[in-house]
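Results of the structural survey
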Amino acid sequence: MEIIEKAPAKINLGLDVLYKRPDGYHELEMVMASIDLADRLTFRKQPEDTITITTNSGFLPTDRKNNIFQAIEAMKEAYSFEGGVHVELQKRIPVAAGLGGGSSDAAATFRGINRLFDLGVSTEEMTQLAIPIGTDIPFCLKGETALVTGLGEIVTPLSRPMPQCWVVLVKPKVSVSTPRVFSKIDVNTLPHPDINGLKEAIEGNDYQGMTQLLGNSLEAYTTAKFPIVQLIKDKMLAFGADAAVMSGSGPTVLALCDKHSRAIHIANSLKGFCQEVYVVRTLNQ
Ligand code: C5P
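How each quantity is defined
Residues numbered from 1 in each chain as written. Predicted model: local features only at pLDDT ≥ 70, side-chain atom pairs only at ≥ 80, totals over all residues. Heavy atoms only, no water. UniProt positions renumbered as here; feature names shortened; annotations may be inferred. 1 Å grid on protein atoms, 1.4 Å probe; cavity = no way out; pocket = protein on both sides within 12 Å on 5 of 7 lines; lining within 4 Å. Helix = DSSP H or I, 4+ residues; strand = E, 2+ residues; numbered from the N terminus. Buried < 20%, exposed > 50% of the residue type's maximum accessible area, 1.4 Å probe, protein only. Pairing = 2+ DSSP bridges. Axes fitted to C-alpha atoms, helices over the stretch in contact; angles between N-to-C directions. Near = heavy atom within 4 Å. Polar contact = N/O pair within 3.5 Å; in protein donor to acceptor, adjacent residues only side chain to side chain. Areas by Shrake-Rupley, 256 points an atom, 1.4 Å probe, with all protein chains shown as cover. Sits in = over half its atoms within 2 Å of the grid points. Nonpolar A, V, L, I, M, F, W, Y, C, P; charged D, E, K, R; others polar. Domains from an automatic or database assignment. Contact = heavy atoms within 4.5 Å.

Now for the UniProt feature "binding site: ATP" (unreviewed entry) in the protein chain. Taken from the UniProt record, the annotation "binding site: ATP" (unreviewed entry) applies to Pro94, Val95, Ala96, Ala97, Gly98, Leu99, Gly100, Gly101, Gly102, Ser103 and Ser104. The annotated residues that sit in the lining of the largest pocket are Pro94, Val95, Ala96, Ala97, Gly98, Leu99, Gly100, Gly101, Gly102 and Ser103. Secondary-structure assignment places Pro94 in the loop between β4 (84–90) and α2 (101–116). For Pro94, a relative accessible area of 7% gives the class buried.

It is worth spelling out the sheet that holds strand β10 (residues 253–257) at this point. The strand order across the open sheet built from 4 strands is β9-β10-β7-β11, with neighbouring strands paired in antiparallel fashion. Both edges of this open sheet fall to β9 (243–246) and β11 (276–281), since each of them pairs with a single strand only. Averaged over neighbouring strand pairs, the angle between their axes works out to 20° when direction is ignored. Here strand β7 (residues 166–171) runs beside β11; their pairing, made up of 6 bridges, is antiparallel. When the bridges of β11 are listed, Val167 appears paired with Val280.

Time to look at the site of the ligand. In the vicinity of the ligand, the contacting residues are Gly24, Tyr25, His26, Leu28, Gly134, Thr135, Leu151, Thr178, Pro179 and Phe182. Take His26: an N or O atom from its main chain is 2.8 Å from a nitrogen atom of the ligand. Interatomic distance of 3.1 Å between a backbone N/O atom of Leu151 and a nitrogen atom of the ligand. Calculation on the ligand without its partners gives an accessible area of 450 Å², and the protein chains cover 75% of this total. Under a 2 Å grid-point criterion requiring more than half of the atoms, the pocket assigned to the ligand is the largest pocket. Counting only elements with at least two residues in the shell around the ligand, the list comes to β2 (26–46) and α5 (178–184). Ranked by residues supplied to the shell around the ligand, first place goes to α5 with 3 residues. Here the residues of the shell around the ligand sort into 5 nonpolar, 5 polar and no charged. Here the shell around the ligand spans two domains, since at least three of its residues come from each of domain 1 (2–157) and domain 2 (166–281).

Turning our eyes to something else, we now look at the UniProt feature "active site" (unreviewed entry) in the protein chain. Here, the residues flagged by UniProt with the feature "active site" (unreviewed entry) are Lys10 and Asp136. Annotated residues spanning 127 residues; largest pairwise C-alpha distance 9.0 Å, indicating a single compact cluster. The subset of the named residues that lines the largest pocket consists of Lys10 and Asp136. On the secondary structure map, Lys10 appears in strand β1 (residues 2–20). Classification of Lys10 by relative accessible area gives buried; the value is 3%. Among the polar contacts listed, one links the side chain of Lys10 to the side chain of Asn12, at a separation of 2.6 Å. Along the chain, Asp136 falls in the loop between α3 (123–130) and α4 (137–142). Discounting chain neighbours no more than four positions away, the residues touching Asp136 are Lys10, Met30, Met32 and Ser103.

Listed below in structure tokens is the structure:
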């Protein structure tokens, strides 16, 4: 028997860093949505008590360093199912991009193992196991447009999905380390986007209002380190994007457009500049 799970990428429409907590993590307030760009994971049981991972991506570890491996170990420890698991990962989401690819793979693994071994574990129980592995996994387990607070573990779905539109993603060829960004920022000087206003605009299905309120506290730091991020954002706006913002700790920049033709125009105009360019829709529509 095999189980197939899709692992959609996430975008941050808003990301505010409130303060640094005594445990070293940062208290966050974010608005997140899932998009139609996904990895695909296939799970199979194997008789030997081992975890094996194969992938079409040359960039990823296939041992304990991989979130998929850690998610299987956590499920095994908590629910002690018989035998091992083989996972085949078809990677489409860019790696280390601010699009939550590793977290979404882990979330898909929790769901996949739950189904493969018929464990009947709830999303809440999987969320508890997920937090030590990655703070974006709780959102990925739910997948709906949501207000995400705490470290990332408090996921409150909004009363409606984000207004329909096209999303252009551009990832420059630089790698950003999330722990490094969090360790370098000065929380006292960060800008604070209006997360509550953004949430209300989305819940009111107000596309214009939403585009005016996109914002990311981490953008200034990553932009200062990698000026290409600002260049991409400026180009997107010059080519007609309704709004543009960096996702997560970067370096991917996302642009929103209500017209498909405009999204294609922006994507084509940026293709000569960056190799990784995608035009996608949001999910849950
Ligand atoms: O999401 P993930 O757990 O992979 O986060 C990577 C790193 O980012 C953490 O180890 C931590 O250093 C930092 N982080 C943080 N506050 C958060 C989330 C992540 O400081 N709320």
